[in-house]
Amino acid sequence: MFGAIEAGGTEFVCAVGTGPTDALVSEPIPTTTPAETLQRVLAFFRAQGPLQAVGIGTFGPVDLNPASPTWGYITTTPKPGWANIPFAPTIRDALGLPVHFDTDVNVAALGEHRWGAAQEVQNFIYLTIGTGIGGGVMVGGRLLHGLIHPEIGHMLLPRDPAWDPYEGGCPYHRSCLEGLANGPALQARWGVPGKDLPPDHEAWTLEAHYLGLALANLTVCFSPERLVLGGGVMRQTQLFPLVRKKVQYLLNGYVQHALLQEGITQFVVPPALGDHAGVLGALALAQQGHVA
Ligand code: ZN
């Protein structure tokens, strides 16, 4: 049996098991102070009996370099109390188990690859569009880390002030993808939460424009075989056809593949694991790391 932690800015979810059919998932644990939250995480695992390894998918930014003295730390997060916290080492030392550590979105990509909407592809990108925006990238069946890890949400996008006077809400970049298209940007621009806007509201045309720009950029940069779009904002399912059309419009026939023409519904897809992609992906990470 393996353990899994999906660590989010508002709550943690833990699980034990080996996959979607047998996973026992915890009640959400609120993200308060690191001491309090990690105590509750450890209590959940200790109550479940022996584990072989634990996988963690977490908000960040994080240090993923195994050779670094701060491997497994949450690093520069603006979340109060959580900057420079030795997250993975704390779990490893408290439980005396191997711990495998990656970003929340890389782990969700792993979950979708193992059990979800990206099982038969080796090159794809998982994006979450919610309060934050982030993406996990799989290349040749392996998660991409590179310099640190991808920060797709902070991709810089053009903004037409005549169409969209809202300057964007990212404290680092203003008008990056996250600053223009996350849930808080919808609320700031239109004065109500996105879920309260009708499906035919012009907000969704603009949202699809920004997501289409990001997906077109990702398509030309990474040549993915699939783009899986999850997160709270994508529960607005009317976005999917709008985004697909926008990607086709922006690429303008330059990238020639059937998946970008009549196969576009197989190219831009919703996740299959829904809200459990993260915690199941962490379970996959625990097992994969154990084998590797
Ligand atoms: Zn940004």
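Above this text sits the structure in question.
Note on numbering: residues in each chain are counted from 1, in written sequence order. Reporting of local features is limited, given that this is a predicted model, to residues whose pLDDT is at least 70; pairs of side-chain atoms are given and counted only at 80 or more, and all residues count toward the totals for whole chains, interfaces and linings. Each side-chain value is derived from all of the structure's non-hydrogen atoms; neither hydrogens nor water enter the calculation.

**Q** Account for the coordination of the zinc ion, naming residues and giving values.
**A** Looking at the metal site, the zinc ion is ligated by His154 (ND1), Cys170 (SG), His173 (ND1) and Cys176 (SG), spaced 2.1 to 2.4 Å from it. One can describe the donor arrangement at the zinc ion as tetrahedral, given that its four donor atoms subtend angles of 104 to 120° at the metal. Between consecutive donor residues of the zinc ion, the sequence gaps follow H-x15-C-x2-H-x2-C. Residue histidine 154 is found in the loop between strand S9 (142-143) and helix H4 (177-181), and its partner cysteine 176 is found in the loop between S9 and H4; the two are separated by 22 residues along the sequence. Using a relative accessible area of 22% as the deciding quantity, one classes histidine 154 as partly exposed. Using a relative accessible area of 0% as the deciding quantity, one classes cysteine 176 as buried. For Na, K and Ca the donor cut-off is 3.2 Å; for every other metal, N, O and S atoms count as donors within 2.8 Å. Water does not enter the count, which can leave sites looking incomplete. Sites are called tetrahedral only when four donors show all angles between 85 and 135 degrees, square planar or octahedral only when four or six donors show opposite pairs over 155 degrees and all other angles between 65 and 115, and irregular in any remaining case. Numbering of helices and strands starts at the N terminus; helices are DSSP runs of H or I of at least 4 residues and strands are runs of E of at least 2. Accessible area is worked out with a 1.4 Å probe on protein chains only. A residue is then buried under 20% of its type maximum, exposed over 50%, and partly exposed in between.

**Q** Lay out helix H7 (residues 239-251) in plain terms, naming residues and giving numbers.
**A** For H7, which comprises 13 residues, the first-to-last C-alpha distance of 18 Å matches the rise-based estimate of 18 Å (1.5 Å per residue) to within 8%. Regarding H7, the residues found buried are Leu239, Phe240, Val243, Arg244, Lys246, Val247 and Leu251. End-on view of H7: buried residues confined to an arc of 165°, all on one side of the axis. Among the exposed residues of H7, those oriented more than 90 degrees off its buried face are Lys245 and Tyr249. Directly beyond the C-terminal end of H7, a positive phi value near 55° is found at asparagine 252. In this analysis, the expected span of each helix is defined as 1.5 Å times one less than the number of residues it contains. By definition, the arc is the one covered by directions from the helix axis to the C-beta atoms.

**Q** Explain unusual backbone geometry to me, and be specific about the residues and the numbers.
**A** The omega torsion of the bond from glycine 60 to proline 61 falls at 5°, within 30 degrees of zero and hence cis. Mapped onto the elements of the fold, proline 61 is located in the loop between strand S5 (54-58) and helix H2 (87-95). A positive phi angle, close to 60°, is found at asparagine 84, a residue other than glycine. For arginine 174, which is not a glycine, the phi torsion comes out positive at approximately 55°.

**Q** Go over the environment of valine 121, please, and point to the residues and values.
**A** Mapping valine 121 onto the fold places it in the loop between helix H3 (104-115) and strand S7 (124-129). For the pair valine 121 and valine 139, spaced 18 residues apart in the sequence, the C-alpha separation amounts to 9.6 Å. Any two residues having at least one pair of non-hydrogen atoms within 4.5 Å are treated as being in contact. The residues touching valine 121, leaving out its near neighbours within four places in the chain, are His113, Glu225 and Arg226.

**Q** With reference to specific residues and values, describe the sheet that holds strand S8 (residues 133-139).
**A** Taken together, five strands build an open sheet; the order of strands is S9-S8-S7-S10-S11 and the sheet is mixed. Whereas interior strands pair on both sides, the edge strands pair on one side only; in this sheet they are S9 and strand S11 (268-269). Against the sheet, H3 contacts S7, S8 and S9, and its axis sits at roughly 50° relative to S8. In this fold helix H6 (residues 202-222) packs onto S7, S8, strand S10 (226-230) and S11, with an angle of close to 155° to the strand it touches most, S7. Strand pairing follows a simple DSSP-based rule, namely that at least 2 bridges must link the two strands. In this analysis an axis means a line fitted to C-alpha atoms, helices contributing only their contacting stretch, and an angle means the value between N-to-C directions, from 0 to 180 degrees.

**Q** How would you explain the packing of aromatic side chains if you had to name every residue and give the values?
**A** Geometry of aromatic contacts follows a simple scheme: Phe, Tyr and Trp rings, the Trp one being its six-membered ring, pair when their centres are within 6.5 Å, and the pair is stacked under 30 degrees between planes, edge-to-face over 60, tilted otherwise. On inspection of all chains with the given rule, the structure shows six aromatic pairs. Where phenylalanine 12 meets phenylalanine 87, the ring centres are 5.7 Å apart and the plane angle is 45°; that geometry is what we call tilted. Linking phenylalanine 12 in strand S2 (residues 11-17) with phenylalanine 87 in helix H2, this pair joins segments that are 75 residues apart in sequence. Since its relative accessible area comes to 0%, phenylalanine 87 is described here as buried.

**Q** Quick rundown of the packing of helix H5 (residues 183-190) against H6? Include the residues and the values.
**A** Two numbers describe how H5 lies on H6: the axes approach to 12 Å, and their chain directions differ by 140°. If you check the angle between H5 and H6, you find them oblique. When you trace H5 past H6, the crossing you get is right-handed. Where H5 abuts H6, its residues Leu186, Arg189 and Trp190 lie against Glu202, Ala203, Trp204, Leu206, Glu207 and Tyr210. Each residue gets one label: Ala, Val, Leu, Ile, Met, Phe, Trp, Tyr, Cys and Pro are nonpolar, Asp, Glu, Lys and Arg are charged, and the others, such as Gly, are polar. Grouping the constituent residues of the contact of H5 with H6 by class yields six nonpolar, no polar and three charged. Oblique is the label for any angle not under 35 degrees, not over 145, and not in the 65 to 115 range, which are roughly parallel, roughly antiparallel and roughly perpendicular in turn. Rotating anticlockwise by less than a right angle from the far helix to the near helix defines a left-handed crossing, while the corresponding clockwise rotation defines a right-handed one.

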